[in-house]
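Structural description and commentary
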Amino acid sequence: CFELADYWLGLSDETHIPIALDATCSGIQHFSALLLDPIGGRYTNLIPQEKPGDIYKAVAEVVNAQIEEDYKQDLFWAQQWRGYVNRSICKPNVMTLPYAATHEGMTFQLVALLHEMRLKGTLPPSLANTYDDYLKPCRYLASLNINACRQVVSAAFEVRDCLKAWAGVMADNGLPCIWTSPSGFIAFQIYRKQESIKIASRALGKRIELTVRNETTQINKR
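Residues numbered from 1 in each chain as written. Predicted model: local features only at pLDDT ≥ 70, side-chain atom pairs only at ≥ 80, totals over all residues. Heavy atoms only, no water.

The next subject is the layout of surface pockets. Within this model, the largest pocket holds a volume of roughly 940 Å³. Contributing to the lining of the largest pocket are 26 residues, with Leu163, Lys164, Ala167, Cys177 and Gln189 lying nearest its centre. For the lining of the largest pocket, the elements supplying multiple residues, two or more each, are helix H2 (26-35), helix H9 (154-172) and strand S1 (177-180). A per-element tally of the lining of the largest pocket places H9 first, with seven residues. Partitioning the lining of the largest pocket into residue classes produces 15 nonpolar, seven polar and four charged. (1 Å grid on protein atoms, 1.4 Å probe; cavity = no way out; pocket = protein on both sides within 12 Å on 5 of 7 lines; lining within 4 Å. Points joined across faces, edges and corners; volume = space filled by probe spheres on them. Helix = DSSP H or I, 4+ residues; strand = E, 2+ residues; numbered from the N terminus. Nonpolar A, V, L, I, M, F, W, Y, C, P; charged D, E, K, R; others polar.)

So this is what it looks like as C-alpha cells:
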C-alpha cells in the first residue's frame, strides 16, 4: 500500500514486493540449476529458447517409444497403453521422482489417476475392463516412467542417487543430515524414529483407546 501511494504521488516507481513465479518441475529444475546442466536446463526452462521446454512431454515421448518396442514383442500391458500415454499421465511420476518417490508410490499415483479418469469418462477403452484395480498396468508404466526420466535428464538423477547414498551413510552412523548453504545458513534435516504408546480410558461408559507417538533418539533412515 505504501509503495502504491508513493507511485500515485510520483515519489517512486520502484517496488520491493517479491514476484512469485511458477517452476517447471521444480525438483529437476533445482538439480539442473545446481549442476549447470544444459540438458535439464532446457527441459525446465532455465535456458532461453524459442519454445518453452516441456520435461513431461519429453518423458512421454521416450515412454511411448518403449511401448512401441514392447508392443512388437507382444507384451500385454504395452498393448493396453499403446496410443494413450501423454504428458498428463506421465506428469505425477516425473514431478515426484526427484524427491525420492519409489516405484510403489509412483504406481499408486497412476492408479489414482486412472480412477479419476474413469469418473470423468476419459479412461482409455483398452483399460476399461482391467482387473486387479489397475495395479498391473500402472506398475508397468511406472517402470517406464522411471527409466525415461533417467534417459532424458540423467545428470539430475545421478546427483539424486548420490545424495540418497550420502544420507544413508549418515543415518547408518546415527547422524542427521547437516549442511551449510552458500549464505552460511546451517541446515539440519533430522527425522527420528517414533514409538507408539497406547493409552486406554473410559468416557461416557465407553472404552476409548488413544495412540500417542513419541520421538526416540534413533535416526529414521527411511
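Taken together, the buried positions of H2 are occupied by Gly27, Ile28, Gln29, Phe31 and Ser32. Residues of H2 that are buried make contact with helix H3 (38-43), helix H4 (55-72), helix H6 (87-96) and H9. Once H2 finishes, leucine 36 follows within two positions and takes phi at roughly 50°, a positive value. (Buried < 20%, exposed > 50% of the residue type's maximum accessible area, 1.4 Å probe, protein only. Contact = heavy atoms within 4.5 Å.)

This brings us to the environment of lysine 136. By the secondary structure assignment, lysine 136 is in helix H8 (residues 135-152). Taking C-alpha positions, lysine 136 is 35 Å from arginine 213, a pair spaced 77 residues apart along the chain.

Before going further, it helps to examine the packing of aromatic side chains. This model, assessed by the stated rule, comprises one aromatic pair. Look at phenylalanine 76 and tryptophan 77: their rings are 4.6 Å apart centre to centre, the planes differ by 70°, and that puts the pair in the edge-to-face class. Overall, phenylalanine 76 belongs to the partly exposed group, its relative accessible area being 41%. The side chain of arginine 82 reaches across the aromatic face of tyrosine 71, ending 4.0 Å from its centre. (Phe/Tyr/Trp six-rings, centres within 6.5 Å; stacked < 30°, edge-to-face > 60°. Lys NZ or Arg CZ within 6 Å of the ring centre and 35° of its normal.)

Bridge analysis of strand S3 (residues 192-203) against strand S4 (residues 206-219) gives 11 bridges, and the strand direction is antiparallel. Note on S4: the bridge partner recorded for glutamate 195 is asparagine 214. Between S3 and S4, which pair antiparallel one after the other, the connecting turn spans two residues, and leucine 204 there sits at a positive phi close to 55°. (Pairing = 2+ DSSP bridges.)

With that settled, the discussion passes to unusual backbone geometry. Unusually for a residue other than glycine, leucine 36 sits at a positive phi of about 50°. Residue class for leucine 36 comes out exposed when judged on its relative accessible area of 74%.

Here the focus is the nonpolar core. Of all hydrophobic cores here, the largest spans 40 residues; its most connected members are Ile55, Val59, Val63, Ile67, Trp81, Val94 and Leu114. Counting only elements with at least two residues in this core, the list comes to H2, H4, helix H5 (76-81), H6, helix H7 (103-120), H8 and H9. Ranked by residue count, the leading element in this core is H8, at nine residues. Other than its neighbours up to four places away in sequence, isoleucine 67 contacts Ala78, Trp81, Arg82, Val85, Tyr140 and Leu144. (Core = buried A, V, L, I, M, F, W, Y, C linked by side-chain atoms within 4.5 Å.)

Let us now look at the side chain of aspartate 70. Along the chain, aspartate 70 falls in helix H4. In this structure, aspartate 70 is buried with no salt-bridge partner, the nearest side chain bearing the opposite charge being lysine 72 at 10 Å. Engagement of the side chain of aspartate 70 in a polar contact is seen with the side chain of tyrosine 140, the distance being 2.8 Å. (Lys, Arg positive; Asp, Glu negative; His and termini not counted. Salt bridge = Lys/Arg side-chain N within 4 Å of Asp/Glu carboxyl O. Polar contact = N/O pair within 3.5 Å; in protein donor to acceptor, adjacent residues only side chain to side chain.)

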